[in-house]
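Geometric and topological summary
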Amino acid sequence: MPSVALLGATGSIGTQTLDVLRAHRDEFTLVALAGGQRLAELAATVNEFSVPAVAVRHEADATTIRGLVPTSTEILVGPAGLEELAGRADICVNAVVGFAGLSATLGALRAGRRLALANKESLVAAAPVVERVRQGQVIYPIDSEHSAIFQCLGESGRDDGYREVSRIILTASGGPFRTWPREDLQRITREQALRHPTWAMGAKITIDSSTLMNKGLEVLEASALFGIELDRVDVVVHPQSIVHSMVEYIDGATLAQLSEPDMRLPIAVSLGAPHRLAGGFGRMDFSKNVELTFEAPRWDDFPALRLAYDAGRRGHGAPTWLSAANEIAVEAFLDDRLAWCDIVPVVAATLDSYDDQELVTEADVWAADAAARDIARRVVAR
Ligand code: NAD
Ligand code: MG
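Note that the coordinates shown come from a computational prediction; the quantities given were computed from them, not determined experimentally. (Residues numbered from 1 in each chain as written. Chains lettered and ligands numbered in written order. Predicted model: local features only at pLDDT ≥ 70, side-chain atom pairs only at ≥ 80, totals over all residues. Heavy atoms only, no water.)

Bringing the pattern of salt bridges into the picture now. If the charged atoms of two oppositely charged side chains come close together, the side chains can form a pair. Applying the stated rule across the entire model yields 33 salt bridges. The partner of arginine 167 in a salt bridge is glutamate 248, with the nearest N and O atoms 3.1 Å apart. In this pair, arginine 167 sits in strand β8 (residues 165–172) while glutamate 248 sits in strand β10 (residues 243–249), placing the two residues 81 residues apart along the sequence. The class of arginine 167 is partly exposed, set by a relative accessible area of 29%. Of the charged contacts in the structure, one is a salt bridge between glutamate 191 and arginine 195, with a shortest N-O distance of 3.7 Å. As far as burial versus exposure is concerned, glutamate 191 and arginine 195 are alike and both exposed. (Salt bridge = Lys/Arg side-chain N within 4 Å of Asp/Glu carboxyl O. Helix = DSSP H or I, 4+ residues; strand = E, 2+ residues; numbered from the N terminus. Buried < 20%, exposed > 50% of the residue type's maximum accessible area, 1.4 Å probe, protein only.)

Set out below in structure tokens:
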């Protein structure tokens, strides 16, 4: 029975992964957990699944959780704890949010474990280092678009750089402001931005979806995951979130994966591949009228998308800076220190200070992330 380490266990992806594991109790065993907040929930999961090891963020959290779990439970702390647990199970589900997920991504790959990856920020921020560390290992995406692409690509073509694929077409819901007139984008509230039309997700990715930065990060994620150049990655807006993405082949055929928006399906795919787990999360009902529409993104009104392509083309540390500055700007918006319409300009202004920074080691990535955060904080404050 494959063992699973679930890192970021208390979040949106984390709790949906627990749902999948509950539905497949005889097929997987949960051997490690990690979480950054909600320690009571984390402890409850340790107890429910009799998990022998758990990682928390700070020493103080370790003291708190110590009182809530059996004395035999091993408790680890910080990035080193994440990295250690990521390498301990057959499958590492990285459901941490933000750059903090880097230790889990690298920990799983260094140990040669299956990486089931929701944490796109680590891949975007550290692509050249991940590429070196993974040594050809497949990464199993949880992000719904990338799971769709993974399913449409199948196993063939990896070794020749997917020569027969002409392009990958990522679908985007367009977020809550897809149809808003440009003038109205100037006065968006926190509450409006947190209301996603088709998905219920953590706060950071919900805001990223409203600015289309999420799609920008996903373009870079797709290129890094599959080793496909940015020129072969396109974006189309599809408000229903039923077609999760598409792959167009050189003969003109387009393959798509369809399901109701339910993250438990891509989670199950990442755990079970190459096999399918029985369960039917997201199954379609075509007896209802299913409407599928597609439209071009509003590039000028949602500049995050172009900014992400540009950062990807610059390469090296530019995507690291993009992602780090975005984290700072989104955090400031959620704290009411920044207007919604200033999130992407903060990222752009931070990137203006970026001076080519090569990423060879993990330490280079941490340094680039720290440098970008420092500048982004100053940009937010001015
Ligand atoms: P979330 O905020 O709901 O959960 C994040 C989890 O990470 C929580 O368990 C939190 O405690 C934990 N965490 C944060 N910092 C940590 C640290 N330093 N150490 C240990 N744990 C830490 O976020 P989410 O919506 O579940 O998203 C998680 C990741 O999955 C993100 O990268 C997101 O982009 C990606 N993703 C999410 C969805 C979705 O539907 N929610 C879809 C696609 C991709
Ligand atoms: Mg996605």
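Next comes the rest of the account.
Attention shifts here to the domain arrangement of the chain. Each assigned domain of the chain is listed with its residue range as follows: domain 1 (3–118) and domain 2 (150–381). The distance between the C-alpha centroids of domain 1 and domain 2 comes to 25 Å. Facing the 24 residues of domain 1 at the interface are 22 residues of domain 2. Interface of domain 1 and domain 2: buried area, both sides summed, is about 1,800 Å²; carbon and sulfur atoms make up 68% of it. When residues of domain 1 are sorted by the area they lose upon contact with domain 2, Val20, Phe99 and Arg114 head the list and together hold 31% of the total. One can count two salt bridges joining domain 1 with domain 2. Only α1 (12–23), α4 (78–86), β5 (91–94), α5 (102–110) and β6 (114–117) provide two or more residues apiece to the side of domain 1 that touches domain 2. Counting residues per element, the side of domain 1 that touches domain 2 draws most heavily on α1, which supplies eight residues. (Domains from an automatic or database assignment. Contact = heavy atoms within 4.5 Å. Buried area = accessible area lost by both parts, 1.4 Å probe.)

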